[in-house]
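These are the residues of each chain, in order.
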Amino acid sequence: MQIAFHIGANCTDGDMLVRSLTKNASGLAPQGISIPGLSKYRRLLRETIQNLGGAAPLPQTRDVLIQQIVDLPDANRLVMSNSAFICLPIRIFEAGEFYGLTTMKLRALTQLFPNDEIEVHLALRNPATFIAAAFDTIRNKSFEGFMNGTDPRTVRWSDMVTRIKAAAPQAKLTVWCNEDIPLIWGDILRSMTGVPAMTPLVGEYDMLGSIMTPEGMARFASYLKSHPPEGAAQQKRVISAFLDKYAIASEIEEEIDLPGWDARLVEELTVLYEDDVNKIAQMDGVTFLAP
C-alpha cells in the first residue's frame, strides 16, 4: 500500500490540509484512495509509537493499525496528516536541537509500515516567522526557555531533511514552502492524494479563500469558469494576479515581536532561509513543489 504522510511542520497550514483532503474522501474512494478523518489515526499512531519506546513493533502491528485506520475495502493508498507528528511546538528546540525528535519519529513510522511505500510530505517556513508563530502557541514558558540556547541563525531545514532521508531512506520525500501555498495548494493536494497533475479536487482553492476578499474569490471563480486555465503555469499566473488585487493585507502580513529581535535579524534569517530552500530543492531524492 502507498502511505502518504504529511508530518508538518508545526505552524504551517493550521490543519487546513486535513480539511481540504477529507473533502475528497468520497470522491476518491472509488480509486482506492483512503482519506480517513484525523481521529482515526493521530492518537493511535502517537500512542503506538510511544508504547514501543524505540523497540521494534510486533509483525502483526501493521495489519492491526491498517484495520483500525482504513474503512475502505481494497484501499491501495492511505493519506494521513499531522502537523505535530514530530513534536508539539514546545519541544521544537528541546535539548537545543532543531526538531531533534525527527530521526526517532521517522524511523518508528517506517517500522510500523515496513513493507509499504511511504511518502513523507513536509512544509517549510521562514524561521523568522516560524519561531514567532511557534512561540505564540506556548504558555508559561519564556522565550529563552523555548529556544533552549539555540541561535536562530543556525536553524536549517536542510538538516532536518537530511535526517528524514537518513531515517527513512526508502521513503519518497516531497517538500514545499509555507509562503508559497496559496499558489500551490492544488499541487499539494494532488501530491498527497497521488492523482495526476491538474486533476480537479474539492478544496484546491481553500487556502486562497482564506487570504482573499469574498469579492475577489467570487470574481476569481467567475474568471475560471469563463477562462479555464490550460495548464498549471497559467493557473498560477491567474491566482497571482487575483492575489495582487484582492489579498487581505492582515492575512498575509506577519508581525514579529520577540525579545531581542530586530528588523536586521529578521532580514538575515530570511536570506539564510532562502539559501537553505535552494539547497533543499537541489537535493537528490527530494521533490520540491514550487510556484
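Heads up: the structure comes first, above all this text.
Figured I'd write up the structure that's included with this text. (Residues numbered from 1 in each chain as written. Predicted model: local features only at pLDDT ≥ 70, side-chain atom pairs only at ≥ 80, totals over all residues. Heavy atoms only, no water.)

### Overview of the overall build of the chain
So, point 1. When helices and strands are counted, the chain shows 14 helices and 6 strands.
So, point 2. Relative to the globule expectation of 19 Å for 291 residues, the C-alpha radius of gyration of the chain, 20 Å, shows essentially globular dimensions.
So, point 3. In terms of principal-axis extent, the alpha carbons of the chain reach across some 55 × 55 × 35 Å.
So, point 4. Taking all contacts inside the chain whose residues are at least 6 apart in sequence as the whole, residues at least 24 apart take part in 80%. (Helix = DSSP H or I, 4+ residues; strand = E, 2+ residues; numbered from the N terminus. Rg over C-alpha atoms; globule rule 2.2 N^0.38 Å. Contact = heavy atoms within 4.5 Å.)

### Structural notes on the packing of aromatic side chains
So, point 1. Evaluation of the coordinates by the stated rule reveals 17 aromatic pairs.
So, point 2. When the ring of Phe98 is compared with that of Phe130, the centres are 6.2 Å apart and the planes differ by 90°; the resulting orientation is edge-to-face. Of the two residues, Phe98 sits in the loop between β3 (77–81) and α5 (102–112) while Phe130 sits in helix α6 (residues 127–136), which places them 32 residues apart along the sequence.
So, point 3. Judged by its relative accessible area of 0%, Phe130 is buried.
So, point 4. When the ring of Phe135 is compared with that of Phe146, the centres are 5.7 Å apart and the planes differ by 35°; the resulting orientation is tilted. With Phe135 in helix α6 and Phe146 in helix α7 (residues 143–147), this residue pair connects regions lying 11 residues apart in the sequence.
So, point 5. Judged by relative accessible area, Phe135 falls into the buried class, the value being 18%.
So, point 6. An aromatic cluster is built from Phe93, Phe98, Tyr99, Phe130, Phe135, Phe143, Phe146, Trp157 and Trp261, whose rings are joined through pairwise contacts.
So, point 7. In this structure, Lys105 is placed above the aromatic ring of Phe85, and the distance from its NZ or CZ to the ring centre is 5.7 Å. (Phe/Tyr/Trp six-rings, centres within 6.5 Å; stacked < 30°, edge-to-face > 60°. Buried < 20%, exposed > 50% of the residue type's maximum accessible area, 1.4 Å probe, protein only. Lys NZ or Arg CZ within 6 Å of the ring centre and 35° of its normal.)

### Let's talk about the sheet that holds β3
So, point 1. Pairing within the open sheet is parallel, and its 6 strands lie in the order β2-β3-β1-β4-β5-β6. The open sheet has two edge strands with one neighbour each: β2 (33–34) and β6 (286–289).
So, point 2. Bridge count between strand β5 (residues 172–177) and β6: 4 bridges; the pairing is parallel. Bridging across to β6, Thr174 finds its partner in Thr287. (Pairing = 2+ DSSP bridges.)

### Some words on the packing of α5 against helix α8 (residues 157–167)
So, point 1. Where α5 meets α8, the axes come as close as 9 Å, and the angle between the chain directions of the two elements is 30°. Of the two elements, α5 crosses α8, and the hand of that crossing is right-handed. Taking contact as the criterion, the partners of Thr102, Thr103, Leu106, Arg107 and Thr110 in α5 are, on α8, Met160, Arg163, Ile164 and Ala167.
So, point 2. Residue composition of the contact of α5 with α8, by class: 4 nonpolar, 3 polar and 2 charged. (Axes fitted to C-alpha atoms, helices over the stretch in contact; angles between N-to-C directions. Left-handed = near helix turned anticlockwise from the far one by under 90°. Nonpolar A, V, L, I, M, F, W, Y, C, P; charged D, E, K, R; others polar.)

### Focus: the nonpolar core
In globular proteins that are soluble, nonpolar side chains generally tend to be buried together.
So, point 1. Formed by 61 residues in total, the largest nonpolar core has its most connected members in Tyr99, Leu106, Ile131 and Trp157.
So, point 2. Considering each element in turn, this core owes the most residues, 6 residues, to α6.
So, point 3. In this structure Trp157 touches Ala9, Phe98, Tyr99, Leu124, Arg125, Pro127, Phe130, Tyr273, Asp276 and Ile280, once residues within four positions along its chain are discounted.
So, point 4. In terms of nonpolar packing, the next biggest core, distinct from the first, is built from 19 residues, Val79, Ile184, Met192 and Val195 among them. (Core = buried A, V, L, I, M, F, W, Y, C linked by side-chain atoms within 4.5 Å.)

### Thoughts on α5
So, point 1. Within the span of α5, buried status applies to Thr102, Lys105, Leu106, Ala108, Leu109 and Leu112. Across the axial projection of α5, the buried residues extend over an arc of 160°, all falling on one side.
So, point 2. At its buried positions, α5 is contacted by β1 (2–6), α3 (42–52), α4 (61–69), β4 (117–124) and α8. (Arc of directions from axis to C-beta.)

### Things to note about unusual backbone geometry
So, point 1. Of note, the bond from Gly8 into Ala9 is cis; its omega dihedral lies within 30 degrees of zero at 10°.
So, point 2. Examined against the element boundaries, Ala9 turns out to sit in the loop between β1 and α1 (16–22).
So, point 3. Here Cys11, not a glycine, exhibits a phi torsion of approximately 60°, which is positive.
So, point 4. On the secondary structure map, Cys11 appears in the loop between β1 and α1.
So, point 5. For Met198, which is not glycine, the phi torsion reads 70° and is therefore positive.
So, point 6. With respect to the element layout, Met198 can be found in the loop between α9 (181–193) and α10 (206–211).
So, point 7. Given a relative accessible area of 29%, Met198 falls into the partly exposed group.

Taken by themselves, the reported measurements are silent on function.
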